[in-house]
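# Coordinate inspection notes
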Amino acid sequence: MKDLKHLIYFENLLQDAHNELVAQAVQEGDYALGYSCYYIPEVLLNLPGCFSSRLRAPRCTSTDVASYYMTNRTCPYARSLLERAIEGGYNYLNALLGAECCATMERMEEHFFLINPVKNEKFFVTQIDPPMKGDETNLDYYKAQLKLKVVDKLHEEYGIDTSENAMRRAIDDHNEISRIITEIGNFRKADNPSITGYEFHVIQLVSQVCPHRLILPYLAETLTELKRRKADPQSWFRVRLVVTGSEIDDPAFTKLIEGCGAMVVADRYCFGSFPGREQIEIREGETAFDAICRHYLHWNQCARFMDGMKIDQRHSEVKKLADEFKADGVIYENMKFCEFWSYEKVLANHIFTEELHIPCCTIEKEYALGAVGQLRTRFQAFIESLEIKSIQGGK
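Structural notes, computed from the coordinates. (Residues numbered from 1 in each chain as written. Predicted model: local features only at pLDDT ≥ 70, side-chain atom pairs only at ≥ 80, totals over all residues. Heavy atoms only, no water.)

With that out of the way, let us pick up empty space enclosed by the protein. With the rule as written, the count across this model stands at four cavities of 30 Å³ or more. A per-class count over the lining of the largest cavity returns five nonpolar, four polar and three charged. (1 Å grid on protein atoms, 1.4 Å probe; cavity = no way out; pocket = protein on both sides within 12 Å on 5 of 7 lines; lining within 4 Å. Points joined across faces, edges and corners; volume = space filled by probe spheres on them. Nonpolar A, V, L, I, M, F, W, Y, C, P; charged D, E, K, R; others polar.)

See the structure below:
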């Protein structure tokens, strides 16, 4: 297939958290608001005069200093963020809006104000206590947390407009970028798609780490380009996979899978588009803020949720994606030392293999890919098993 016009530019934007478009927005006077979890609604960080920056630590190969503060037996993603902060990689931030979604993430966020790694005199840290269930009681609690520690905090610290009109504008902006990303992602449903999983991963990531108003024209142009793009006559992949799990913010991981002969057709993981790029609907009688809270609590698929309804929802959503995108199997990933996704991975493997009869491959990985020989072997073996199953008529 012909190379996408902006792909190299997108790849370059992902080389550094403080990329070209982030620097431009900061220079123009916008407030940069960092976050690391879906529990913090992206739309609330894109109110007028500010922009969201989902935190990554690209090319972080050592966490020696962060491990001094957090030990080396904690989530490498959290340690990598702290390491990059200590290196000065997040000095552009005006705030870190965190969620106590796990003990390691909470500890990482606390170090942002305990050791003050971000050298910005206006920088502040705020943390919400996110709910562990999806019922009405927890929705009320979620609303109270976001109001007190995000909405009111932004207004008090920086005078951000948090009015009903401002939130409706932010929802409109969110829905527009979500519409474009969803349309691009839907090309993966084709029998012979005109986009690769790697390309979509790159596109999805730049929509999260760059100011929306600056990246949107490039995304819109890419969508137009993809509508005209012709796929190769012969499809390049042998099987189709859904990838599910925790933090995957390195497109090289998707490229590794696809280099083994599989296409990643759906991305149900942290930093993926499921959830993240659904349209926010304001129901009759709802305020914009109420709609945002309801939307994010409903679509949140975090393994931290412990009630039966949310557990069943996690599995049904993956099953729905597998059906909708015609996947042959599912890869369940968890970050090393991640307790929540470690438990979820074991449970999901049983449910998908024994109850839903969808082939499942489970892996554990570091944040930085590094040596990939073992992962490549696992992926190759899984892909070959799917091919054999197809030859044998699904047996």
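Pairing between the strands of a sheet comes from backbone hydrogen bonds, and it takes one of two forms, parallel or antiparallel. If you trace the four strands from one edge of the open sheet to the other, you get 2-1-3-4, paired in parallel fashion. The strands lining the two open edges of the sheet, one partner per strand, are strand 2 (50-54) and strand 4 (124-128). Geometrically, the sheet is characterised by an average inter-axis angle of 25° between neighbouring strands, direction not taken into account. In the sheet, strand 1 (residues 31-35) pairs with strand 2 via five bridges, with the strands oriented parallel. (Pairing = 2+ DSSP bridges. Helix = DSSP H or I, 4+ residues; strand = E, 2+ residues; numbered from the N terminus. Axes fitted to C-alpha atoms, helices over the stretch in contact; angles between N-to-C directions.)

Buried within helix 2 (residues 20-27) we find L21, V22 and A25. When helix 2 is viewed along its axis, its buried side chains cluster within an angular range of 105° and face the same direction. When the buried face of helix 2 is taken as reference, the exposed residues oriented beyond 90 degrees from it are E20 and Q27. Those residues of helix 2 that are buried are in contact with helix 1 (7-13), strand 2, helix 8 (197-209) and helix 9 (212-228). By the N-cap criterion, in which a side-chain oxygen at the helix start approaches the backbone nitrogen of a residue two or three places on, helix 2 is capped by N19, the distance to L21 being 3.0 Å. Residue G29 follows helix 2 closely and has a positive phi angle near 100°. (Buried < 20%, exposed > 50% of the residue type's maximum accessible area, 1.4 Å probe, protein only. Arc of directions from axis to C-beta. Contact = heavy atoms within 4.5 Å. Polar contact = N/O pair within 3.5 Å; in protein donor to acceptor, adjacent residues only side chain to side chain.)

What follows deals with helix 13 (residues 339-355). Here helix 13 is 17 residues long and its end C-alpha atoms lie 24 Å apart, about the 24 Å a rise of 1.5 Å per residue gives. Within the span of helix 13, buried status applies to W341, E344, K345, A348, I351 and F352. Buried residues of helix 13, seen end-on, are gathered within an arc of 145° and therefore sit on one face of the element. Opposite the buried face of helix 13, by more than 90 degrees, sit the exposed residues E339, Y343, V346 and E354. On its buried side, helix 13 packs onto strand 5 (239-247), strand 6 (262-270), helix 12 (308-324), strand 7 (329-335) and strand 8 (360-365). (Expected span 1.5 Å × (residues − 1).)

Secondary-structure assignment places K119 in the loop between helix 5 (103-114) and strand 4. On a C-alpha basis, the gap between K119 and Y90 in space is 8.3 Å, while along the polypeptide they are 29 residues apart. Here the side chain of K119 touches N116 through a polar contact of 2.7 Å, landing on its backbone oxygen.

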